[in-house]
Amino acid sequence: MVEEEGFRRYVAHIILWIGIAIVAFPVYLAFIASTQDNAVIANGQMSLLPGGHFLETYYQTIFVGTSGSTREPVGNMMLNSLVMALLIAVGKIAISIISAYAIVYFRFPFRMPIFWLIFITLMLPVEVRIYPTYKIVADLHMLDSYAGLSLPLIASATATLLFRQFFMTVPDELLEASRIDGAGPFRFFWDTLLPLSRTNMAALFVILFILGWNQYLWPLLITTRDDMQTIQIGIRKMITTTDALTEWPIVMATAVLAMLPPVFVVVVMQKLFVRGLVETEKSWLTSPCATSARPIPAASRPSRASTSMSATDSSACWSAPPAAASPRCCAWSRDSKRSPAARSTSAAESSTRSSPPIATSRWCSRTTRSIRI
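About the thresholds
Residues numbered from 1 in each chain as written. Predicted model: local features only at pLDDT ≥ 70, side-chain atom pairs only at ≥ 80, totals over all residues. Heavy atoms only, no water. Helix = DSSP H or I, 4+ residues; strand = E, 2+ residues; numbered from the N terminus. Contact = heavy atoms within 4.5 Å. Areas by Shrake-Rupley, 256 points an atom, 1.4 Å probe, with all protein chains shown as cover. 1 Å grid on protein atoms, 1.4 Å probe; cavity = no way out; pocket = protein on both sides within 12 Å on 5 of 7 lines; lining within 4 Å. Points joined across faces, edges and corners; volume = space filled by probe spheres on them. Nonpolar A, V, L, I, M, F, W, Y, C, P; charged D, E, K, R; others polar. Salt bridge = Lys/Arg side-chain N within 4 Å of Asp/Glu carboxyl O. Buried < 20%, exposed > 50% of the residue type's maximum accessible area, 1.4 Å probe, protein only. pLDDT = per-residue confidence, 0-100. Patch = residues over 30% accessible without salt bridge, like charges linked within 9 Å, V, L, I, M, F, W, Y side chains within 5 Å. Polar contact = N/O pair within 3.5 Å; in protein donor to acceptor, adjacent residues only side chain to side chain. Phe/Tyr/Trp six-rings, centres within 6.5 Å; stacked < 30°, edge-to-face > 60°.

### Notes on the overall build of the protein chain
Consideration 1: Check the secondary structure of the protein chain and you find 18 helices and two strands.
Consideration 2: For the protein chain, contacts bridging at least 24 residues in sequence account for 75% of all contacts bridging at least 6.
Consideration 3: For the protein chain, the accessible area works out to roughly 20,800 Å², and carbon and sulfur atoms hold 68% of it.

Structure follows, in structure tokens:
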């Protein structure tokens, strides 16, 4: 039995190495071609060993550019792609997490229709709305600019959905403890939800950064100057279809350089990326808040009775001190989504509880950022 298990492991490793070789060989071939002479590649006599033009080719690629199709250095193209990818990734995460926070934790008219309207935008990719988007960008004079490259791609219904589903799994006790401690909506969002969402933001950042880096169609439409073109457009322009001889060493060097930023992001954020995708339990229970709680006197206990409230009462709930909190102040939270029977049962249980309720101290609310995910 042990020998059979060892044989299976040996076969699995062989299959794994074969897959790695299949994926890595084109990258190795591109690197070898970037060190060869252009005439050798054109004649089909390229060897599988590195040539002697490594420094010359990469210096010309990064700082000079090609002599035919485009004279823009690849370093400037990579900078344009990097700025666009960062703006898209950070902008998508910022807008999505704020919109998901509003949808989950606040009650306002047409909350769920607005969420489904955001979700429906998944059926409208850039290719479908390309003409009206281009018209708006052109009318706003954002052609050949970083704003024109990033702003039309900055909204994300997928990220909003993911953050919404994560916020719905955050325990209500954290919300109640923050309110009892006098925290407002921004304080609860900044000190509690953002640290808990760190792994989710890291996983989304990796995906969205690669998505922004690989954009081709939209930058092709709105960039007319060579100094604003991205790395993907530059590679396409380097491969000429006329009688001119394509400078294959520079093309291959550009392809190798274009792979480095996404690979760097994946390698650096690999642990957070994996944890953000597969983690099922949050270790917020091991935070300092769990060990630095204090009982609240009976006179200072906020009422747990949950009743319906209007959309204008939610801001007053945050501003009211814990001891003077209105019985309607808990209706803004996700407790309001429970059935009336469940809310009544919860209120009855809390009112007949013999032990005093627990709330975190001021120190605990300030150190929520140290929560380990």
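From this point, the discussion proceeds with the structure in view.
### Some details on the layout of surface pockets
Consideration 1: Computed from the structure, the second largest pocket encloses a volume of approximately 590 Å³.
Consideration 2: Along its surface, the second largest pocket is lined by 28 residues, and Lys92, Arg129, Ala155, Ser156 and Ala157 are the ones closest to its centre.
Consideration 3: Taken together, the elements giving at least two residues each to the lining of the second largest pocket come down to α4 (74–105), α8 (157–167), α11 (198–213) and α12 (217–222).
Consideration 4: It is α4 that contributes the most residues to the lining of the second largest pocket, five residues altogether.
Consideration 5: Grouping the constituent residues of the lining of the second largest pocket by class yields 18 nonpolar, seven polar and three charged.

### A short note on the pattern of salt bridges
Consideration 1: Going through the model one piece at a time under the given rule, you end up with four salt bridges.
Consideration 2: For Asp191, the salt bridge is made with Arg187, and the minimal N-O distance between the two is 2.4 Å. One end of the pair is Asp191 and the other is Arg187, both in helix α10 (residues 185–196) and four residues apart, which spans about a single turn.
Consideration 3: Residue class for Asp191 comes out buried when judged on its relative accessible area of 6%.
Consideration 4: A salt bridge links Asp227 to Arg225; the nearest nitrogen and oxygen atoms lie 2.9 Å apart.
Consideration 5: Taking the relative accessible area as the measure of exposure, Arg225 reaches 39% and is therefore partly exposed.

### Considerations on the confidence of the model for the protein chain
Consideration 1: Taken as a whole, the protein chain shows an average pLDDT of 75; of its residues, 71% reach a score of 70 or greater.
Consideration 2: For the protein chain, helix α18 (residues 362–366) is the element with the lowest average pLDDT, namely 33, and α4 is the one with the highest, namely 92.
Consideration 3: Below a pLDDT of 50 lies the segment residues 280–373, which in the model reaches 145 contacts outside its immediate sequence neighbourhood of four places, other chains included.

### Focus: a nonpolar patch on the surface
Consideration 1: Among the surface-exposed residues, Tyr134, Leu143, Tyr216, Leu217, Leu220 and Leu221 lie close enough to one another that they form a single nonpolar patch of about 440 Å² accessible area.
Consideration 2: Examining the composition of the nonpolar patch, we find that three residues originate from one element, α12, more than from any other.
Consideration 3: Relative to the elements of secondary structure, Tyr216 occurs in the loop between α11 and α12.
Consideration 4: Using a relative accessible area of 33% as the deciding quantity, one classes Tyr216 as partly exposed.

### Things to note about the side chain of Thr61
Consideration 1: Position of Thr61 relative to the elements: it lies in helix α3 (residues 54–64).
Consideration 2: Polar contacts involving the side chain of Thr61 include one to the main-chain carbonyl oxygen of Thr57, which spans 2.7 Å.
Consideration 3: For Thr61, the residues in contact, after removing those within four places along its chain, are Pro73, Val74, Gly75, Ile250, Ala253, Thr254 and Leu257.

### A look at helix α9 (residues 172–180)
Consideration 1: The element α9 is extensively covered by neighbouring structure, given that eight of its nine residues are classed as buried.
Consideration 2: Among the residues trailing α9, Gly182 stands out with phi positive, at a value near 90 degrees.

### Brief notes about the packing of aromatic side chains
Consideration 1: Taken as a whole and assessed by the stated rule, the structure comprises 16 aromatic pairs.
Consideration 2: Seen from their ring centres, Tyr101 and Phe189 are 4.9 Å apart, and the 45 degrees between their planes marks the pair as tilted. Taken together, the residues Tyr101 in helix α4 and Phe189 in helix α10 connect sequence positions 88 residues apart.

### Some words on the environment of Thr224
Consideration 1: Checked against the element boundaries, Thr224 lands in the loop between α12 and α13 (231–238).
Consideration 2: The exposure class assigned to Thr224 is exposed, which follows from its relative accessible area of 62%.
Consideration 3: Linking Thr224 and Asp144, residues 80 residues apart in sequence, is a C-alpha distance of 6.5 Å.
Consideration 4: Side-chain polar atoms of Thr224 contact the side chain of Asp144, separated by 2.5 Å.

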